[in-house]
Amino acid sequence: MGDKNNKRKRLDPTSTENFGSKKNKRDNALPRRPNADQENQNGCRSHILSNRPGLFLHSCDLVLEINNSAKQSSSKQKNKKNTYLYTKYFSDDDDDYAVIDIIYPGGQREKFALASSTKFEYDPIDELFRFVETFIFYFIDNGVKKDDEVDEHSDPKSHTDIQKRFTYSKGGLRNQNSVYRNLRSSIRTKRKDRFIEAIKSFNCQMDYLVQNNDLDPFLKDRKPEGCLLEFILEQIYARCCSETDLPNITKAKSFSDATYGELRFALVEEMIQEAGINGNSIFVDLGCGIGNVVIHVNARVGCDSYGVESNEARHEIADRQINEYKGRMALWGLDQTGTVEVMKADFLNCDYVVRLLRKADVVLTNNYAFASSTNEALTRLFLEMKEGAKIISLKDFRTGANRNGPESILKVTKYSYPPDRNYVSWTNADGCYFVSTVRHN
């Protein structure tokens with residue numbers, strides 16, 4: 001992963017080397033939780049990954065993992081052949097699918113399997129295409145110098161010519177010889193020769209940009225946002241939370257404290273803005289699940305971001321996601337700043353959480369399905385928070401029953417979000433969330 005001493009084999013961008021027929025030595029396999037994790041005296045197990053080198057999981061390794069899991073599952077069912085495995089995408093491949101390398105803005109390569117499946121949601125071909133599309137939109141269309149910005153010392157091939165060859169010609173029309181157009185056409189027609197040629201051209205252009213530091217203005221001291229951030233988060237999620245993991249993390253009694261639900265990208269973006277989270281903030285997510293929001297907030301603004309989760313299966317996936325996140329940021333050439341930490345604990349019974357809340361600027365808790373007793377216990381915890389700290393919740397903590405209770409310190413603002421925007425995982429209907437400001441006086 002960028003180590004000069006790393007002697008692993010690199011595949012040529014035009015390689016059609018078969019993958020999967022032999023046991024794969026996973027160079028960049030994601031490490032699982034170390035056995036050294038110990039619970040502290042407060043019953044709170046903290047797994048800090050801030051000082052660990054980030055490792056990313058190659059797309060082709062993910063495909064291999066899913067295939068191996070599917071094979072093991074089918075072997076338990078006698079006389080039932082598993083027809084849902086990933087198989088070659090291009091018909092002119094040999095018996096097994098091939099692997100191809102693609103260069104990222106950070107200068108490193110990721111291996112993609114040229115494979116598809118009729119069952120599994122993860123689609124490596126689609127992700128590879130969306131990677132190219134996202135890069136072009138975020139870096140090339142908005143990144144390279146325009147005609148009037150090129151001075152007499154500029155090499156035109158490093159600016160306007162590269163922009164045209166990637167995707168656009170003058171007038172906003174798609175260039176017939178662009179990487180984008182050729183790649184899209186080769187996928188649609190399943191022409192492997194054209195696909196290989198398009199990837200080879202992309203890698204050539206990307207290598208030129210990396211070697212000449214043309215992407216530095218869009219990498220140094222900047223945080224990913226918009227389509228780039230959303231795509232990176234999707235890559236992380238796909239590699240750490242597979243379809244076989246979902247039953248374990250969603251298993252819980254309906255409308256209980258353990259009920260699982262995810263806040264989607266658009267809603268988290270709104271919450272960051274409305275709560276005023278910035279690079280100097282300390283953010284805490286109580287009941288963080290698999291760590292999606294903890295990672296999102298850190299990536300977006302670079303602040304210290306903490307999560308607390310009591311469920312073992314969810315905490316383990318959060319563990320994986322944080323490590324994958326660090327590796328992905330390096331792969332994209334982006335700086336990851338601030339602490340990212342997820343601890344296994346019951347947030348109502350952990351002294352460390354109390355100390356963390358005293359420092360926190362913004363706390364998030366998805367209390368949509370919490371029991372009233374849990375919400376009441378949380379309001380007592382909020383008494384420990386400093387003046388002006390903010391609490392984001394999916395339900396209002398003010399019950400109205402006791403005006404002099406702990407909730408009386410909260411000044412609440414209600415925000416609504418529209419339907420059909422996929423703001424939360426459990427419904428497509430409209431809804432609301434609340435930002436409460438602590439006012440001890």
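About the cut-offs
Residues numbered from 1 in each chain as written. Predicted model: local features only at pLDDT ≥ 70, side-chain atom pairs only at ≥ 80, totals over all residues. Heavy atoms only, no water. Phe/Tyr/Trp six-rings, centres within 6.5 Å; stacked < 30°, edge-to-face > 60°. Helix = DSSP H or I, 4+ residues; strand = E, 2+ residues; numbered from the N terminus. Buried < 20%, exposed > 50% of the residue type's maximum accessible area, 1.4 Å probe, protein only. Arc of directions from axis to C-beta. Contact = heavy atoms within 4.5 Å. 1 Å grid on protein atoms, 1.4 Å probe; cavity = no way out; pocket = protein on both sides within 12 Å on 5 of 7 lines; lining within 4 Å. Points joined across faces, edges and corners; volume = space filled by probe spheres on them. Salt bridge = Lys/Arg side-chain N within 4 Å of Asp/Glu carboxyl O. Axes fitted to C-alpha atoms, helices over the stretch in contact; angles between N-to-C directions. Parallel < 35°, antiparallel > 145°, perpendicular 65-115°, else oblique. Left-handed = near helix turned anticlockwise from the far one by under 90°. Nonpolar A, V, L, I, M, F, W, Y, C, P; charged D, E, K, R; others polar. pLDDT = per-residue confidence, 0-100. Pairing = 2+ DSSP bridges. Right-handed = clockwise from strand over helix to strand, strands pointing away.

### Some thoughts on the packing of aromatic side chains
Stage number 1. As enumerated under the stated definition, the model contains 18 aromatic pairs in all.
Stage number 2. A ring pair is formed by Phe131 and Trp332, whose centres lie 5.3 Å apart and whose planes are at 65 degrees; its orientation type is edge-to-face. In this pair, Phe131 sits in helix H2 (residues 124-143) while Trp332 sits in the loop between helix H10 (312-331) and strand S8 (340-344), placing the two residues 201 residues apart along the sequence.
Stage number 3. Considering the side-chain rings of Tyr417 and Tyr423, the 5.0 Å spacing of their centres and the 20 degrees angle between planes classify their relative orientation as stacked.

### Looking at helix H11 (residues 351-359)
Stage number 1. Turning to H11, its buried residues number three or more, namely Val353, Val354, Leu356 and Leu357. Considered in projection along H11, the buried side chains sweep an arc of 165 degrees and stay on one side of the axis.
Stage number 2. Residues of H11 that are buried make contact with strand S6 (282-286), strand S7 (304-309), S8, strand S9 (362-365) and helix H12 (372-382).

### Focus on empty space enclosed by the protein
Stage number 1. Within the structure shown, the criterion is met by two cavities of 30 Å³ or more.
Stage number 2. A volume near 30 Å³ is recorded for the second largest cavity.
Stage number 3. Surrounding the second largest cavity, Val268, Met271, Ile272, Ile277, Phe283, Val293, Val297, Leu364 and Ile392 form its lining.
Stage number 4. Elements that contribute at least two residues to the lining of the second largest cavity include exactly helix H8 (265-275) and helix H9 (292-301).
Stage number 5. Broken down by element, the residue count for the lining of the second largest cavity peaks at three residues, all from H8.

### Side note on the pattern of salt bridges
Stage number 1. Applying the stated rule across the entire model yields 17 salt bridges.
Stage number 2. Taking the shortest distance from any N to any O, the salt bridge between Arg300 and Glu225 comes out at 3.5 Å. Taken together, the positions of Arg300 in helix H9 and Glu225 in the loop between helix H5 (192-211) and helix H6 (226-240) put the pair 75 residues apart, joining distant regions of the chain.
Stage number 3. A relative accessible area of 23% places Arg300 in the partly exposed class.
Stage number 4. The partner of Glu384 in a salt bridge is Arg358, with the nearest N and O atoms 3.0 Å apart. Taken together, the positions of Glu384 in the loop between H12 and strand S10 (390-393) and Arg358 in helix H11 put the pair 26 residues apart, joining distant regions of the chain.
Stage number 5. Overlapping salt bridges bring together Glu110, Glu127, Arg239, Glu324 and Arg328 as one network.

### Considerations on the packing of H6 against H10
Stage number 1. Between H6 and H10, whose axes approach to 9 Å, the crossing angle comes to 135 degrees. Taken together, the axes of H6 and H10 are oblique relative to one another. The crossing of H6 and H10 is right-handed. Touching Ile232, Gln235, Ile236, Tyr237, Arg239 and Cys240 of H6 are Ile317, Arg320, Gln321, Glu324, Tyr325 and Arg328, all from H10.
Stage number 2. In terms of residue class, the contact of H6 with H10 is made up of six nonpolar, two polar and four charged.

### Observations regarding the confidence of the model for the protein chain
Stage number 1. Predicted confidence across the protein chain gives a mean pLDDT of 78, with 73% of residues reaching 70 or more.
Stage number 2. The element-level mean pLDDT for the protein chain is lowest in strand S1 (residues 45-48), coming to 34, with S6 highest at 97.
Stage number 3. This model gives residues 144-159 a pLDDT under 50, and the stretch forms 22 contacts once residues within four places in sequence are excluded.

### Let's talk about the pairing of S6
A regular strand places its side chains on the two faces of the sheet in alternate fashion.
Stage number 1. By the criterion of burial, S6 is predominantly enclosed, with five of the five residues buried.
Stage number 2. With burial as the criterion, each face of S6 is covered, one bearing Ile282, Val284 and Leu286 and the other bearing Phe283 and Asp285.
Stage number 3. Relative to S7, S6 is paired through five bridges, and the arrangement is parallel. Within the sheet, the bridge partner assigned to Ile282 lies in S7 and is Asp304.
Stage number 4. Crossover connection from S6 via H9 to parallel S7: handedness right-handed.

### Quick notes on unusual backbone geometry
Stage number 1. The backbone of Lys190 shows a phi angle near 55 degrees, a positive value even though the residue is not glycine.
Stage number 2. Checked against the element boundaries, Lys190 lands in the loop between helix H4 (179-189) and H5.
Stage number 3. Overall, the relative accessible area of 43% leaves Lys190 in the partly exposed class.
Stage number 4. In this structure, Asn213 is a non-glycine residue whose phi angle is positive, near 60 degrees.
Stage number 5. Following the sequence through the fold, Asn213 ends up in the loop between H5 and H6.

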